[in-house]
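What follows is the residue order along each chain.
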Amino acid sequence: MIQLSGNKAPYSARNGNRALFQFSTASLIAAAALLSSCTTPDGNSVDPLKSVPAAIKAEAVTLTDKAMFDDLSGIAAQVFPPLSTTLQVNRDNTDPRMQYFVSGLADKGFGIQRVSADQGSHYLAYTLKDTDTANEKHLSIAIGAVLIGRDYRQLQGNAVSPHSVVRLSGTRTPVVVADSPSRRFKIEDPAFSEARYVASLGLDEASPVIALITPDIVSKVSEQASDGPSLQGLNSSKVEVNNLFYGNESTFASILENYQRIDRQIIVFGNDSMILGDTNKQLIEQFVDGKMKDTDVISLVGCSNGPTSLDIGNEGLALGRAQRVTQALLARGVAREKVLDEGCWAPTNVGDRFPSRGVVIELWRSNA
Amino acid sequence: MNFFTESSRATAGLFLALTLSGCTALSGGPGVDEKDLLPRLAGNEEALRNISASERAHLQLIATNLVATLVQIPEMRPATATLQLNKPQTAYGNAVIRALEDAGFGMQIVSADQGQHFVSYSKSLSETESGLVNNYSLAVGKIQLSREYVVDDDGVFPSSLLKISGTDHIADITLADNIFAEQGGDGKIFISGAQREGVPDPDLKASTVDVQDFDLLPQDKRTPQEAVFTEARQRYFENDAKRQSPNLDDYEKHRRTVLIFDDNVTQMMGNANKRAVRLLVREFSDDDIMVIKACLDADGRDDASMNRAIRVEEELAGYGIPTESAYIAPCARASYRHASDDSPTPVELIHYRPR
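For every chain, the first residue of the written sequence is number 1, and numbering continues from 1 along that sequence. Chain A is the first chain written and ligand 1 is the first ligand written, with later ones labelled in order. Totals for whole chains, interfaces and linings use all residues, but because this is a predicted model, local features are given only for residues with pLDDT of at least 70 and pairs of side-chain atoms are given and counted only at 80 or more.

### A short note on the environment of Lys87 of chain B
Residues and elements named next belong to chain B. Assignment of secondary structure puts Lys87 in the loop between strand S1 (82–85) and helix H4 (91–102). Along the sequence, Lys87 and Asp342 sit 255 residues apart, while their C-alpha atoms lie 44 Å from each other. By the convention adopted here, residues make contact when the C-beta atoms placed from their backbones lie within 7 Å. The contact partners of Lys87, leaving out residues within four places of it in the chain, are Ala42 and Asn44. By the criteria applied, helices consist of DSSP H or I runs no shorter than four residues and strands consist of E runs no shorter than two, each listed in order from the N terminus.

Below you can see the structure in the form of structure tokens.
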């Protein structure tokens, strides 16, 4: 399997392009050898490739590569408004594919910012790899936390055909996959001309803990009885959250100040269980697909109140349930930062405030 | 297959010819190559073709001088400002756009003069009592910079103060005028300083720069454009850190996270750190502040840690945290960390809220 990433992609020769690649490589080596005697007036040697005009370097991008990048840049322009979005690209990136891709995005109106490392909220990268199926490639582009990917079949005559739907993660923005056939882009199966929202592969990526350190918390921790339920726990994003057993105010209340609640749903779990089950999955699917807009946020409270026989205790169960529902939301393309998950846990019942073994999901919409 | 063979021969031949012709041009004398002046976006190769390498070097110096000033103006932080531009039609236009790109601004091609930060520029020649004077100007939105330059046998040198209009923040600006001295000169003197256009300034700081033969540096030893911009941006952050010191007694801590950089020099934050920043800024409100504690150097020199702090501040800016709400904390030495320690390096990020 060949895998190229946007930050380090060398040229890869395939099929009919192999001859071109091999001959050009030989020529490059010859040119480099000839230029090895080329020096500046200061006696410094010259990097032979540095003087190659961009137009010549761009030849390394095959026609099929171009067709694939053109396809996904069209999707990117639907997810992000080009005229008000600036994409960040590593300035040392000389990969011809990335240069071609960036040039296409700039033509669509995106702002392009060359950064020294990986700065920015819309840092651009791509991965192009062969799949396990013969003559099939998978292209995935990342713009900040949003991933857009699709499989393509390589056809005769330097053409490609989409061989999967467009998969999006980290966004719920509606997109139209209007595949238009052309000389380089053939449509073999119209069923692939649609978008599907999926979970990001970086779901369980280790990230730093974000601790809650308000003076109130600090003083409560010192006062806390050793045998009571804990005051805080880590949610699915490793953000420390309050145990809502001790109070009604959400840890994320400041975010929700500018939102109003649109809908509420309770997902009930089995006793001592974190298994979601088909019915709950369906409820979540309806909740997201039927009601959620891209600018909405979802708050959820995982609950475990009452005796449990599990070693992880009520805290593990409550936050585990919240995490399970979060995963189901992310699997529908909801961005991680749009999910505000917390928990309520205690070995005793809390009355009507929260369910004993369930997750309360609420949909919030901006007042603006 | 024949098609590829033919096209590959043609490509290879063209490539060989171009690389060899490039060799000749580079051996011809000091100066700047076309590719170093050509913008990556919307570059106009044709406009650069008819000027010499030394003329290109002059234009690069002028563009560097103006843009290094621009990045120190608070409204024009490269991390947050996206500039709108048209395809350049002149060599000076190419030099300006390339310099803005290299300074780290976001660049957006527009069809007319759309945008809040539309880039315009001009070069005019005047016949004055002092001889021929070239006035170069650069405007981004309402901010305008202009300066006169003269060209002689040694190179290009400023012949006026740098005039700035459209901003009140020019007190902390330091001009990158040392780049002209690197051309050398036999007792040449030029004036250095910035003034607000049309506004008398009693605190005007102007000086003269003496240039001698021994100041001459070979082209490849001169300060690279990228280093000039990095230094100018860093100067802005250092001044910012000195000027603003919030009274933390008026605030209480809300959240804290520790970002881990892979080593002491890298600027790459990686997906995990970036995600932590994204999650942290969700809860940020207008009156809140973020404090960045990065300096852990044991030897008292905190260049690397300052760079990391700036990197994090830029990341925060990218997520909409205003410049005036993010502070780089003064250096607090960690006795356990040796100066040569290249192990993963922490940067503490603390979210404060008003009491």
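Next comes the rest of the description.
### Quick word on the domain arrangement of chain B
All names here are of chain B. The split into domains, and so the bounds of each, comes from an automatic or database assignment of domains. Once the domains are mapped, chain B shows domain 1 (28–239) and domain 2 (245–354). When each unit is reduced to the centre of its C-alpha atoms, the spacing between domain 1 and domain 2 is 32 Å. Charged means Asp, Glu, Lys or Arg here, nonpolar means Ala, Val, Leu, Ile, Met, Phe, Trp, Tyr, Cys or Pro, and polar covers whatever is left, Gly included. Class assignment for the residues of the side of domain 1 that touches domain 2 results in three nonpolar, two polar and one charged.

### Let's talk about the confidence of the model for chain B
All names here are of chain B. Mean pLDDT over chain B works out to 85, with 87% of the residues at or above the 70 mark. The quantity known as pLDDT measures the predictor's confidence residue by residue, on a range of 0 to 100. Ranking the elements of chain B by mean pLDDT puts helix H1 (residues 2–27) last with 41 and H4 first with 96. Every residue in residues 1–29 is under pLDDT 50, and counting partners more than four places away or in other chains gives 48 contacts. As a predicted assembly, this complex carries a pTM of 0.81 together with an ipTM value of 0.82.

### Some remarks on the packing of helix H7 (residues 277–291) of chain A against helix H8 (residues 313–330) of chain A
All names here are of chain A. Axes, fitted as lines to C-alpha atoms, cover a helix only where it is in contact. Angles between the N-to-C directions of the axes lie from 0 to 180 degrees. Following both chains from N to C, one finds H7 and H8 inclined at 50 degrees, their axes separated by 10 Å at the closest point. Taken as axis vectors, H7 and H8 run oblique relative to one another. For the pair H7 and H8, the sense of crossing is right-handed. Within the contact between the two elements, H7 uses Lys281, Ile284 and Val288 and H8 uses Val325, Ala328 and Leu329. An angle below 35 degrees is treated as roughly parallel, one above 145 as roughly antiparallel, one from 65 to 115 as roughly perpendicular, and anything else as oblique. Definitions for this section: a left-handed crossing has its near helix turned counterclockwise from the far helix by less than a right angle. A right-handed crossing has that turn clockwise.

### Comments concerning H7 of chain A
Residues and elements named next belong to chain A. Helix length check: H7, at 15 residues, gives a terminal C-alpha distance of 21 Å against a target of 21 Å (1.5 Å per residue), a fit within 8%. Restricting attention to buried positions, one finds in H7 the residues Ile284, Phe287 and Val288. The arc that holds every buried residue of H7, seen down its axis, measures 85 degrees, which confines them to one face. In H7, the exposed positions angled more than 90 degrees off the buried face are occupied by Asp278, Thr279, Gln282, Gln286, Asp289 and Gly290. Of the surrounding secondary structure, the elements contacted by the buried residues of H7 are strand S13 (259–268), H8 and strand S16 (358–366). By definition here, a helix of n residues has an expected span of 1.5 Å times n minus one. With C-beta atoms placed from the backbone, the exposure class of a residue follows from how many other C-beta atoms lie within 10 Å of its own: 20 or more, buried; 12 or fewer, exposed; in between, partly exposed. The arc in question is formed by the directions pointing from the helix axis toward the C-beta atoms.

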